[in-house]
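# An overview of the molecular structure
Each chain, letter by letter, is given below.
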Amino acid sequence: MPPSPPPPPQTAEIPLDLYPTDDDLQYEEEILRNPFTLKLWWRYLIACSSSPFKKRSLIYERAVKALPGSYKLWHAYLTERTRSARSNPVNHPCWSSLNNAFERALVTMHKMPRIWIMYLSVLTHQKLLARSRRTFDRALCALPVTQHDRIWSPYLAFVSQKGVPIETALRIYRRYLLFDPTHIEDFIEFLIESELWQEAAERLAGVLNDDRFYSIKGKTKHTLWLELCELLTKHATEVSGLNVDAIIRGGIRKFTDEVGRLWTSLADYYVRRGLYEKARDVFEEGMSTVVTVRDFGVIFDCYTQFEESALAAKLATMDLEGDGVEEGGDKFAKKVLDGYWLNDDDDADLRSARFEYLLNRRPELVNSVLLRQNPHNVEQWHRRAKLFQDDPTKQIMTYTQAVRTVDCMKAVGKPHTLWVAFAKLYEKHGDMANARVIFEKAVQVNYKTVDNLASVWCEWAEMEMRHNNLMGALELMRRATAEPSVEVKRRVAADGNEPVQMKVHKSLRIWTLYVDLEESLGTLESTRAAYERILDLRIATPQIVINYAYFLEQKKYFEDAFKVYERGVKIFKYPHVKDIWVTYLSKFVKRYGRTKLERARELFEQAVEKASSAVLMHSVAPAENVKAIYLQYAKLEEDYGLAKRAMKVYDQAAKAVPEAEKMNMYEIYIARAAEIFGVPKTREIYEQAIESGLPDKDVKTMCLKYAELEKSLGEIDRARAVYVFASQFADPRTDQNFWAKWHEFEVQHGNEDTFREMLRIKRSVSASYSQTNLILSEYLMQKEDIGDALKQAGVTEDEMAALERQLAPPPIDAPSNDGMRKLGFVSAGVEGQSGVIRTPDGGRKVTANQEDIELPEESDSDEDEKVEIAQKDVPSAVFGDLAQKVSSDKDEDEAAGQNGDDSRLGALERIKRQRRQ
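Calculation notes
Residues numbered from 1 in each chain as written. Predicted model: local features only at pLDDT ≥ 70, side-chain atom pairs only at ≥ 80, totals over all residues. Heavy atoms only, no water. Helix = DSSP H or I, 4+ residues; strand = E, 2+ residues; numbered from the N terminus. Buried < 20%, exposed > 50% of the residue type's maximum accessible area, 1.4 Å probe, protein only. Areas by Shrake-Rupley, 256 points an atom, 1.4 Å probe, with all protein chains shown as cover. Expected span 1.5 Å × (residues − 1). Arc of directions from axis to C-beta. Contact = heavy atoms within 4.5 Å. pLDDT = per-residue confidence, 0-100. Polar contact = N/O pair within 3.5 Å; in protein donor to acceptor, adjacent residues only side chain to side chain. Core = buried A, V, L, I, M, F, W, Y, C linked by side-chain atoms within 4.5 Å. Patch = residues over 30% accessible without salt bridge, like charges linked within 9 Å, V, L, I, M, F, W, Y side chains within 5 Å. Salt bridge = Lys/Arg side-chain N within 4 Å of Asp/Glu carboxyl O. Phe/Tyr/Trp six-rings, centres within 6.5 Å; stacked < 30°, edge-to-face > 60°. Axes fitted to C-alpha atoms, helices over the stretch in contact; angles between N-to-C directions. Parallel < 35°, antiparallel > 145°, perpendicular 65-115°, else oblique. Left-handed = near helix turned anticlockwise from the far one by under 90°. Nonpolar A, V, L, I, M, F, W, Y, C, P; charged D, E, K, R; others polar.

Of regular secondary structure, the protein chain possesses 43 helices and two strands. In the protein chain, which comprises 917 residues, the proportion classed as buried is 40%. If you sum the accessible surface of the protein chain, you get close to 52,700 Å²; carbon and sulfur atoms cover 52% of it.

Between its first and last C-alpha atoms helix α5 (residues 93–109) spans 24 Å; for 17 residues at 1.5 Å apiece the expected length is 24 Å, and the two agree. Taken as a whole, α5 has its buried residues at Cys-94, Trp-95, Leu-98, Asn-99, Ala-101, Phe-102, Ala-105, Leu-106 and Met-109. For α5, the arc enclosing every buried residue in end-on projection is 160°, short of the 170-degree limit, so these residues lie on one face. Those residues of α5 that are exposed and angled more than 90 degrees off the buried face are Pro-93 and Val-107.

Residue position: Val-90 is located in the loop between α4 (71–85) and α5. We classify Val-90 as partly exposed; its relative accessible area is 41%. Those residues in contact with Val-90 that sit more than four places away from it in its chain are Trp-95, His-125 and Gln-126.

So, on to the confidence of the model for the protein chain. Considering every residue of the protein chain, the mean pLDDT works out to 76; 77% of them sit at 70 or more. Across residues 323–329 the pLDDT falls below 50, and counting only partners more than four positions away or on other chains, this stretch makes two contacts in the model. Across residues 877–908, where pLDDT falls below 50, the model places 29 contacts with residues more than four positions away in sequence or in other chains.

Right, let's get into the side chain of Glu-746. Along the chain, Glu-746 turns up in helix α39 (residues 736–749). Polar contacts involving the side chain of Glu-746 include one to the side chain of Thr-754, which spans 3.0 Å. Beyond its immediate stretch of four places on either side in the chain, Glu-746 contacts Arg-720, Asn-751, Thr-754, Phe-755 and Met-758.

Now for unusual backbone geometry. Positive phi outside glycine occurs at Glu-195, with the angle close to 60°. Mapped onto the secondary structure, Glu-195 falls in the loop between α10 (184–193) and α11 (197–209). A residue is classified by how much of its surface remains accessible, and Glu-195, at 54% relative accessible area, is exposed. Here the phi dihedral of Lys-556 falls at roughly 70°; this positive angle occurs in a residue that is not glycine.

Take the nonpolar core next. In terms of nonpolar packing, the biggest core is built from 134 residues, with Tyr-447, Trp-457, Trp-581 and Trp-742 touching the most fellow members. For Trp-581, the residues in contact, after removing those within four places along its chain, are Val-569, Tyr-574, Leu-603, Gln-606, Ala-607, Lys-610 and Ile-629.

On to a nonpolar patch on the surface. Taken together, the side chains of Leu-470, Met-471 and Leu-521 define a hydrophobic patch exposed on the protein surface, amounting to about 240 Å² of accessible area. On the secondary structure map, Leu-521 appears in helix α27 (residues 508–521).

With that settled, the discussion passes to the packing of aromatic side chains. Counted under the stated rule, the structure contains 29 aromatic pairs. Judged by centre distance (5.6 Å) and plane angle (10°), the ring pair of Tyr-27 and Tyr-44 falls under stacked. Taken as a pair, Tyr-27 in helix α1 (residues 25–33) and Tyr-44 in helix α2 (residues 38–47) lie far apart in primary sequence, 17 residues in all. Taking relative accessible area as the criterion, Tyr-27 reaches 17% and is therefore assigned buried. Among the residues examined, Tyr-44 registers a relative accessible area of 1% and is labelled buried. Taking the centre distance of 5.1 Å and the plane angle of 15° together, the rings of Tyr-60 and Tyr-77 count as stacked. Here the residue Tyr-60 occupies a position in helix α3 (residues 53–66), and Tyr-77 occupies one in helix α4, the gap between them amounting to 17 residues. In this structure Tyr-60 comes out as buried when scored by relative accessible area, which is 3%. Ring-pair connections join several aromatic residues into one group, and the members of that group are Phe-136, Trp-152, Tyr-155, Phe-158, Tyr-176 and Phe-179.

Moving on, we get to the packing of helix α36 (residues 682–691) against helix α37 (residues 696–712). Following both chains from N to C, one finds α36 and α37 inclined at 160°, their axes separated by 10 Å at the closest point. When the axis of α36 is compared with that of α37, the two are roughly antiparallel. In the crossing of α36 with α37, the sense of the turn from one axis to the other is left-handed. On the side of α36, the interface is formed by Thr-682, Arg-683, Tyr-686, Glu-687, Ala-689 and Ile-690, while α37 contributes Val-699, Met-702, Cys-703, Lys-705, Tyr-706, Leu-709 and Glu-710. Across the contact of α36 with α37, the residue classes break down as eight nonpolar, one polar and four charged.

Another aspect to go through is the pattern of salt bridges. This structure, assessed with the given rule, holds 38 salt bridges. With a shortest N-O distance of 3.5 Å, Arg-383 and Glu-379 are connected by a salt bridge. Of the two residues, Arg-383 and Glu-379 both sit in helix α20 (residues 378–387), four residues apart, roughly one turn of that helix. Among the salt bridges present, the one from Glu-518 reaches Arg-478, with a minimum N-O distance of 3.2 Å. Placement of the pair is Glu-518 in helix α27 and Arg-478 in helix α25 (residues 470–481), with a sequence separation of 40 residues. A relative accessible area of 31% places Arg-478 in the partly exposed class. Each of Glu-61, Arg-81 and Arg-104 takes part in a single network of salt bridges with overlapping partners.

Let us now look at the side chain of Thr-82. For Thr-82, the location among the structural elements is in helix α4. Separated by 2.7 Å, the side chain of Thr-82 and the backbone oxygen of Leu-78 make a polar contact. Look past the residues within four positions of Thr-82 in its chain and what remains in contact with it is Leu-98, Phe-102 and Val-122.

All right, on to α39 then. Between its first and last C-alpha atoms α39 spans 20 Å; for 14 residues at 1.5 Å apiece the expected length is 20 Å, and the two agree. Considered for burial, the residues of α39 that qualify are Phe-738, Trp-739, Trp-742, Phe-745 and Glu-746. Down the axis of α39, the smallest arc covering the buried residues is 115°, so these residues share one side.

This part covers the packing of helix α35 (residues 659–676) against α36. Geometry of a packed helix pair, given as the angle between the helix axes and the separation of the axes. Where α35 contacts α36, the axes come no closer than 9 Å and their chain directions differ by 170°. The pairing of α35 with α36 is recorded here as roughly antiparallel in orientation. Read as a crossing pair, α35 and α36 show a hand that is right-handed. Where α35 approaches α36, its residues Tyr-666, Tyr-669, Ile-670, Ala-673 and Ala-674 are matched on the opposing element by Thr-682, Ile-685, Tyr-686, Gln-688 and Ala-689. Classifying every residue of the contact of α35 with α36 by side-chain character gives eight nonpolar, two polar and no charged.

What follows covers the environment of Phe-677. Note on placement: Phe-677 falls in the loop between α35 and α36. Phe-677 gets classed as buried once you look at its relative accessible area, which sits at 13%. Distance from Phe-677 to Lys-644, taken between C-alpha atoms, is 9.4 Å for residues 33 residues apart in sequence.

This is the structure we're talking about:
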């Protein structure tokens, strides 16, 4: 029986949704007519954008089959297919078909890096390590080298994932460094993350040795050095083949900044290797070489922490150590080495002593660091010597090193103090011979200034005087002040570098001590020769001149002393000469008194003339210099001369002193005049003071004193006139004291009319102050506005000035028409008219208030109203020395009245006589 035929193959049924719809027929017909047009396929895909992916994938497959070289179709197809596969697990069959699609695309798209990157990302997502690595290699082989950087970025990210073998990653990184060596820092970070310390250290050392290396991450060489040191020290036992000591020391020499961390890294390396003594040596070397306190602090803190941890570890070991059974070998070794100190395990005391010694050395070590910063710092050398105050040997060594190290031309401070302190150290311990040797060497040093060398000479002489070697001190000063010979000067001039030893003979400090010693130990001739030499060298001061003259006075050479004063006043100018003049004049007056009065007067005239000229020339002579000499001059005239001359001197002084001293000088002048000539004499001085141009405040004060004087003498009208004059300087709003005194005066001595006049003047003055301030402010504002407008209009300055004069406020001294009677301060040149008060020099004037209440007119005639004024006899005591001349003065006044002479009359009598006429 023949075999039955095989069944026919069963064809898979195609879902209906994959068939073209009626809307797709037009696109299908166009594609059939022209299947190789990308535009038609793309329009078809856009039209089917809402269709299922299976249908679209069939269209994509037909399109890429017809157009296999279209990048646009392949990219869109693979992108959409990858997006659809992302929602499925990596073991789903769709991922295999996706990989197949990428492989088919790369047949024609192998030069497109974007297709490769998409494919590599898909493989990386599937965790296909071998296939991914091979595909990365295929991409690098297929693409040009200019586009390799687009492949290496995902390639390095791929090998950095977990699960990738370290060896594979290393090989890939090494290949990448052949392509781009600048990314070696990424490789080093990978090695460190992979704990490959050996290769990381080697690569990092190679980077530091490459002078052409540039960090793409912005790291400096110093930062890389610190990373290498940290790597070498923390993994000291895992890194071999590198000379760690040489590497770190090279960094220390190259990077002077923050070398403290490098030193601590080197010490930490030896600590981790178990070489503790070597670590201590490194710590000590670091502290003895750093030049900044910050680096020293870093090393010292690490060193103390190391010693403290070593001590703590030893104490913990001793506490935990038991009495266990020892092995035979250990027993034999202990038995053989028993008694040797090197075999002693109990070294806790040694470690404790080492730790305390380190802490005690800190001040000395810090001082060493500061001296390494600047070895010419004198103050730090003194502090170093002070640290060893209990050890003279170390002090001597310190000073010896200091005087050898410090360069006087570069020194910060006074280098001579090192020599002086060195010598005093020997003196303190009684070794005078070595102290003199030190001073002898010190005076031969070329210091920067003469004062330093002079200080050394003076200290040497004072040391000799402390040990009662007075003549030795005197000889030292003579030696110091001796002028170099002509031969020495010629040799130094030829050399061109003049040391301070050539100028020390002009040092005033040395000469001052020398003349003191000469006065005490030398003869009169030697002392005078020393002073004369000072004057010849032109280094004298006013005090030297005064001392020289005083010395001669003690020796009874008075005329020679006065000659010295004469030389002094010729040498110096104000203000330095003031002390010489005061001393000279006082000594001369004390010596001769009235016997040489004319000579004394000449001296005083000369002194005040120079003082006044200095003030007038705006020199540095202050006011008290002039004032003191004038007062001394007046005292001479009062004691030995004429009272009139004394008053003349006081008058000159009041005019010569500056403005700030005038008030005080006039007060002295008035007091002395009242004591010598009596109170009436002071009227002239008061009037002169008021007219001398004192400040308004002082003028008001002087007027109040003048008014009190007139009131005490019974001259009520004169006192009232003074008050009227002074009222222009007293604002009623601020100066209540003045108006209260005037009010009290009118209550005691005035009447209703005078009181009303006082109130009217008070209102006038108050209005004047208010009106003046208001008008002035408005005028200034108006002037600025009009001036700006005229400048813009092009008006000239002359026309502007004429307009300003038109706009100016009316003069304050315009007379009023109220016809009131005049009250005047005649002798001071003051005239009052209807509340108008004038000063003789055209000073401030006060206008009466226009709104005042008008008072009835008063008659000016004596017949209508006779006012009886009580007369009061003035005591003769107020006239002082002139009491004997009272009667003669009265006779002269009567004769003058009969002859019509008005110059001797008072103010009130003169006014009445004018009215009668």
